[in-house]
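Geometric and topological summary
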Amino acid sequence: MLTLIAGSGAAVWTVRRSFPQTEGVLELAGLDSTVSVLRDKFGVPQVYADSSHDLFFAQGFVQAQDRFFEMDFRRHVTSGRLTEMFGRDALETDMFVRTLGWRRVAEQELGLLSTDARSYLESFAEGVNAYLDDRQGAQISLEYAVLRPTGLDYAPEEWTPTDSLAWLKAMAWTLGGNIDDEIERSLLSTQLTRQEIESLWPTYPYSANKPIVNQGALVDGVYEQEATGPGTRLPSRPPLIVGAQSSLREAKAASSDLSGLLGAGDGLGSNAWAVSGEHTATGEPMLANDPHLGASLPSTWYQMGLHCNEVNADCPFDVSGFTFAGLPGVVIGHNADIAWGFSDLNADVQDLYLEKVVDDDRYLYDGRERRLQTRVESFAVEGEDELVEITVRESRHGPLISDVDEELDEVGNVAPVPESSDDGYAVALRWTGLTPGRTAEALFDLNKAGGWNEFRDAARQFDAPSQNLVYADTAGHIGYQASGRIPIRRTGHGDWPVPGWDPAYEWDDEFLPYDALPSVLDPDDGYVIAANQAVADHDYPYYLGNSTDYGYRAQRIRDLLQEDDSLTVKDMAAIQLDTYSELAAKATPMLRKIVLPSNYYQQGQRTLGGWDFYAAADSAGAAYFSMVWARVLDLTFSDQLPADTMPSGDSRWWAVMGQLLEEPRNSFWDDVETADEHETRDDILQLAMIEARDELTRELSRRAGDWRWGELHTLTLRNETPGSSGSLARFLLNRGDYEVGGGPSIVNATDYDPALGFEVTSVPSMRMVVPLDDLDSSSWVNLTGASGHAFHENYTDQTELWLDGASVPWAFSRGEVEAATEHELTLNPA
C-alpha cells in the first residue's frame, strides 16, 4: 500500500479515484424522475427533485459522494464496531458504546417515527447504497487505503435508516449531560470540604449576565411570557454524598475517551441570537448562529440545500443549511418562511447511581435483592480470528458503565460501603438519551415549518439533546423555545452520584412538561440571545441544571447588539468574531500593580499596559495574559485538587477566579506544600507572572514585543479516525497549524485546555447569518469544506475564509443558485 501511494503516478490515481462526479448525467436505479444537483465553486450541493423520495435519495447519494468514509466511521462508532476497522486499540471505546447501547436505542426509535419520516430515512439509505454499488475501498475514499491494512478491497455494508438515527445518539452524548461534573465533585470530596467544593461551582451571576428568557412565569404548569411574579421553587433535600472514587474515576476516563473520539473538545457550546426588526437596518429580523464543537477534518457540518421543484403536501421541502453527513434533512438553517439556530441548553439529563451489587447478577434496591438484566456483546477484531465477548449488566437505572474496562473487575471495592455489602459499588448511568425518542421527526418538521406554531410543534419532539432553539421568520417575528426531555427528580438535583438502593432518588415517571419549558415570542426588548447561559430567572421553579455557561459571551453579545439599532448582516458577522476578554478586563488592573523583581520580568508586564483586552492572534498582551492565566490556575489549584479535576479554564473557572481575586487571603491561594508560609493572592500572581515570562521566552522570544498570541494558540485540523496520527496519515489527511485569535468564554470561542497548552480544542464549527427580508443575502461559512476527500479542491477551501472571519454568499432562490452554479449533475432513473 505504501509503495502504491509513494509513486507519483500511483499517488495521483489513488488520491483522485474517489473524487465524485459532479457534472454530466448518471442513471440510477431507484429514482422515479430526474434530479438536478447544482454545486457552486465551494462544492456545496443544492438538490432539486419532484418528490420527497427522489429528494432524499439524491441527498444520500451526494453525501456518500463527498463524505462516505466519515459516514462509515460514524456508524462504526455508534454501533461499537470500530474494532472491525481498526483492531484492538478501539476495543475499550467499542465496549463503552455497546454498554450504553446507542444502536439498540436507535433501532427502537425507528419504530416511533411517522410513516413519512421513515420513508425519508429509507429513501436516503437507498441513495447512499446506489452510490456504494460496485465501489469498494479507495474507490470510495482515500482513508480506506491509508488507515486499514485491507483498505484497498474493503466493501462497506449497505446503509440503513438506523445508521442515520444512531448518529443522533452520538450528538446527544456530546452535548447532553454533566456526568463529568458529578464525578468531579465526588473525587474532590476526598480532599476538600463540602463548602470548598461548592465554591468551585458558583451560582449563576444573574445580576451581571442576563439569562435567555427575561420575562414570563409558570402559570398552572404552562410558561406564560406575559405573566409576572416568581414561581415556587420545587422542594428538594440535599443528596447523600457517597464514595466509590475508583469506579467513578474509571467511568470518567471511559467517558472522556469516547468524547475525544467524537471530536468533543473543551469549550463546547454555541452562540445563537435573533434580533427584531426594530434593531435592524431593514426593519426585518435577522438570525445568527455559530455552534462551538471540536475541531475536526472534515468539519462536523455539511452544507446543503433541498428543494422540491413544486412545494406541496407530497413534496413539502424548500430548505437550506447545515446537516450531518449521514443524516437526511437539514439540522440548522432556513426554509422559505423561517430560520432557526441551536445552542446547547446544558440541561442536567444524566445521573450516576451507585449500586450495591450483591453478586454477578443481583443488586439491592429498596431493601430487596433485584436481578440485573444482562446481555452478551461480541466484538470482531481486525486481524484476529476469535470474537471478544463481554456481558453488559443493567440495573433499573441503566447500564453499569463501571463494568466497561477490562481493568474494572475490582470496581468500587475501595469505596466506603455499609458492612452488609462485600463487593463495593458499581456505577449505573441514567440518561434521557437512552429513552427512545423522536428527535429525527423534529428535524424533518423543522424543515417544513411555516411559522411559530409549527416550529414549536416540531420542537416538542426534540427529545435529546436538550437544546435552545432560536427562531425568526419572514412575517417579522423572533422567538425562543427550550427543548428536550428533562427529568424531575424526587430528591436532590443530580449534582452528585446518588445511592441507587434508595427509591427517594428516583426520577418521576414523567419528564418536565414541554409547555412548562421557557418560551417567548417577540420578547419585549427585541432580542433573543442563547449562548449557553442560564435559560430563565432563578425564580423558575423547575430545575434544569447548573452546568450552564456563566453568561460572559451572552452578555457581551447583548452589549454589542445594543450599541446599534440599524444592524446589518455585516454587523452580525462582526459580532461573531469579537475577541474581547471580560476576564482580562477584570484581572489585568491587578496584574499591572504586582511588583516584579527586575526589568526583564517587567517587560512582560508592560505588554499589558496598552492592551485593549482583545485576544487577537497578533497580540502580545493576549499571549502574556493567557500564559499568566494558565500559570495562575496551576499554582492555585494543583496542590489541592486531584490531577484529573484540574481547571479547564472555561466560564465556570472565570467565575471561580473572579471570586478569588476579590478574596486575597482565600485558602485556595495558599500552597499547602509550603508548611512554613501562607501564600496570598499577590504571591501567586507574582509567581505566575514570573513563570509566564520565562515560558514565553523559551517558546516565542526574549523580546516581549515579538510575542504573538496566535503562535501559542494554534489550530490543527485532524482526521479523527484511529490511526490518523501516523506520519503518512498526518501528511495526507490533516491540515494546519493555523494561528488563531479568541479564547475560552470569548464570543469568538476558540477554546483550549490550559493544563495541556494552548492548542485549540473547539471552535465555531460554522458561522451563519440570515436576514429574513432577503434570504439570498444570507452568509455562511464552514470550518473546512464540502468534501471529505483529501486533496480535493473543496477539502479545506473554506478554511482560509473561516480564519479570516469572512463568509460566502448563501444563495437560496432558484435563480441565485443557478447564477452561482459551476457544476451541474443530472441524475436520471435507470
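What this report covers is the structure whose coordinates are included nearby. In this text the structure is predicted, and so the values were computed from the model without any measurement.

**As for the overall build of the protein chain**
Each helix and strand counted, the protein chain has 25 helices and 30 strands in total. Expressed as a percentage of the 830 residues in the protein chain, the buried residues total 62%. Look at the contacts in the protein chain between residues 6 or more apart in sequence, and 73% of them connect residues 24 or more apart. When the accessible surface of the protein chain is totalled, it reaches about 30000 Å², and 45% of it is carbon and sulfur.

**Some points on the nonpolar core**
Counting 168 residues, the largest nonpolar core has Leu715 and Leu827 as its most contacted members. Top contributing element to this core by residue count: helix α3 (residues 52–78), with 12 residues. Contacts of leucine 715, omitting those with residues within four sequence positions, involve Ala295, Gly736, Asp737, Tyr738, Val740, Val760, Val763, Leu783 and Trp802. Among the nonpolar cores identified, the runner-up in size contains 59 residues, and Tyr580, Trp629, Ile684 and Ala692 belong to it.

**Some remarks on the packing of helix α17 (residues 582–593) against helix α20 (residues 651–661)**
Orientation of α17 relative to α20, taken along the N-to-C sense of each, is 25 degrees, at an axis distance of 11 Å. Between α17 and α20, the angle is such that the two are roughly parallel. Between α17 and α20 the crossing geometry is left-handed. The residues of α20 that touch α17, namely those facing Glu582, Leu583, Lys586, Ala587 and Met590, are Trp654, Gly658 and Leu661. Here the contact of α17 with α20 is built from residues that sort into five nonpolar, one polar and two charged.

**Notes on the state of the cysteines**
Applying the stated criterion to the full structure yields one disulfide. Linked covalently through their sulfurs, cysteine 308 and cysteine 315 form a disulfide whose S-S length is 2.0 Å. Because the sign of the S-S torsion sets the handedness, a value of about -85 degrees for the bond joining cysteine 308 and cysteine 315 places this disulfide among the left-handed ones. By relative accessible area, which is 1% here, cysteine 315 ends up buried.

**Describing the environment of threonine 282**
Inspection of the secondary structure puts threonine 282 in the loop between β6 (269–275) and β7 (286–294). Sequence separation of threonine 282 and threonine 568 is 286 residues, and the distance between their C-alpha atoms is 7.9 Å. Of note is the side chain of threonine 282, whose polar atom sits 3.3 Å from the backbone nitrogen of glutamate 284.

**Side note on the sheet that holds strand β16 (residues 388–395)**
In spatial order, the strands read β15-β16-β17; together these three strands make up an open sheet with antiparallel pairing. Either end of the sheet is taken by a strand with one partner, and the two such strands are β15 (373–379) and β17 (398–399). Its contacts with the sheet put helix α5 (residues 91–100) on β15, β16 and β17, and the angle it makes with β15 is roughly 145 degrees.

**Thoughts on the environment of serine 79**
Tracing the chain through its elements places serine 79 in the loop between α3 and α4 (83–86). For serine 79, a relative accessible area of 8% gives the class buried. The sequence separation of serine 79 and alanine 106 amounts to 27 residues, and the corresponding C-alpha distance is 9.7 Å. When sequence neighbours within four positions are dropped, the list of residues in contact with serine 79 reads Val97, Arg98 and Arg103.

**Regarding the packing of aromatic side chains**
Scanning the entire structure with this criterion turns up 39 aromatic pairs. Measuring from centroid to centroid gives 5.2 Å for tyrosine 120 and phenylalanine 317, while their planes differ by 80 degrees, and the two rings are edge-to-face. Taken together, the positions of tyrosine 120 in helix α7 (residues 115–132) and phenylalanine 317 in the loop between β8 (302–308) and β9 (318–323) put the pair 197 residues apart, joining distant regions of the chain. Here the two residues tyrosine 120 and phenylalanine 317 agree in accessibility, since each one is buried. A ring pair is formed by phenylalanine 322 and tryptophan 810, whose centres lie 6.3 Å apart and whose planes are at 75 degrees; its orientation type is edge-to-face. Here tryptophan 810 lies in the loop between β29 (808–809) and α25 (814–820) and phenylalanine 322 lies in strand β9, a separation of 488 residues in the sequence. Judged by its relative accessible area of 0%, tryptophan 810 is buried. Members of the aromatic cluster, each reached through a chain of ring pairs, are Trp301, Phe322, Phe324, Trp780 and Trp810. Arginine 98 extends its terminal NZ or CZ atom over the ring of phenylalanine 379, reaching a point 4.3 Å from the ring centre. The ring of tryptophan 201 has arginine 185 sitting right over it, with the charged end atom 4.2 Å from the ring centre.

**Considering empty space enclosed by the protein**
Under the counting rule described, the total for this entry stands at eight cavities of 30 Å³ or more. The volume enclosed by the second largest cavity comes to roughly 220 Å³. Along the walls of the second largest cavity sit 21 residues, with Leu175, Trp301, Phe324, Phe342 and Gln467 positioned nearest its centre. Looking at the lining of the second largest cavity, the elements with two or more residues in it are α9 (161–175), β6, β7, β11 (338–344) and α13 (439–448). Of the residues belonging to the lining of the second largest cavity, the class tally is 14 nonpolar, six polar and one charged.

**Here's the deal with a negative patch on the surface**
Taken together, the side chains of Asp220, Glu224, Glu226 and Asp524 make up a negatively charged region of the molecular surface. Mapped onto the elements, aspartate 524 comes out in the loop between β22 (519–521) and β23 (527–530). Residue class for aspartate 524 comes out exposed when judged on its relative accessible area of 59%.

Cut-offs applied
Residues numbered from 1 in each chain as written. Predicted model: local features only at pLDDT ≥ 70, side-chain atom pairs only at ≥ 80, totals over all residues. Heavy atoms only, no water. Helix = DSSP H or I, 4+ residues; strand = E, 2+ residues; numbered from the N terminus. Buried < 20%, exposed > 50% of the residue type's maximum accessible area, 1.4 Å probe, protein only. Contact = heavy atoms within 4.5 Å. Areas by Shrake-Rupley, 256 points an atom, 1.4 Å probe, with all protein chains shown as cover. Core = buried A, V, L, I, M, F, W, Y, C linked by side-chain atoms within 4.5 Å. Axes fitted to C-alpha atoms, helices over the stretch in contact; angles between N-to-C directions. Parallel < 35°, antiparallel > 145°, perpendicular 65-115°, else oblique. Left-handed = near helix turned anticlockwise from the far one by under 90°. Nonpolar A, V, L, I, M, F, W, Y, C, P; charged D, E, K, R; others polar. Disulfide = S-S within 2.5 Å. Polar contact = N/O pair within 3.5 Å; in protein donor to acceptor, adjacent residues only side chain to side chain. Pairing = 2+ DSSP bridges. Phe/Tyr/Trp six-rings, centres within 6.5 Å; stacked < 30°, edge-to-face > 60°. Lys NZ or Arg CZ within 6 Å of the ring centre and 35° of its normal. 1 Å grid on protein atoms, 1.4 Å probe; cavity = no way out; pocket = protein on both sides within 12 Å on 5 of 7 lines; lining within 4 Å. Points joined across faces, edges and corners; volume = space filled by probe spheres on them. Patch = residues over 30% accessible without salt bridge, like charges linked within 9 Å, V, L, I, M, F, W, Y side chains within 5 Å. Salt bridge = Lys/Arg side-chain N within 4 Å of Asp/Glu carboxyl O. Lys, Arg positive; Asp, Glu negative; His and termini not counted. Charge placed at Lys NZ, Arg CZ, Asp CG, Glu CD.

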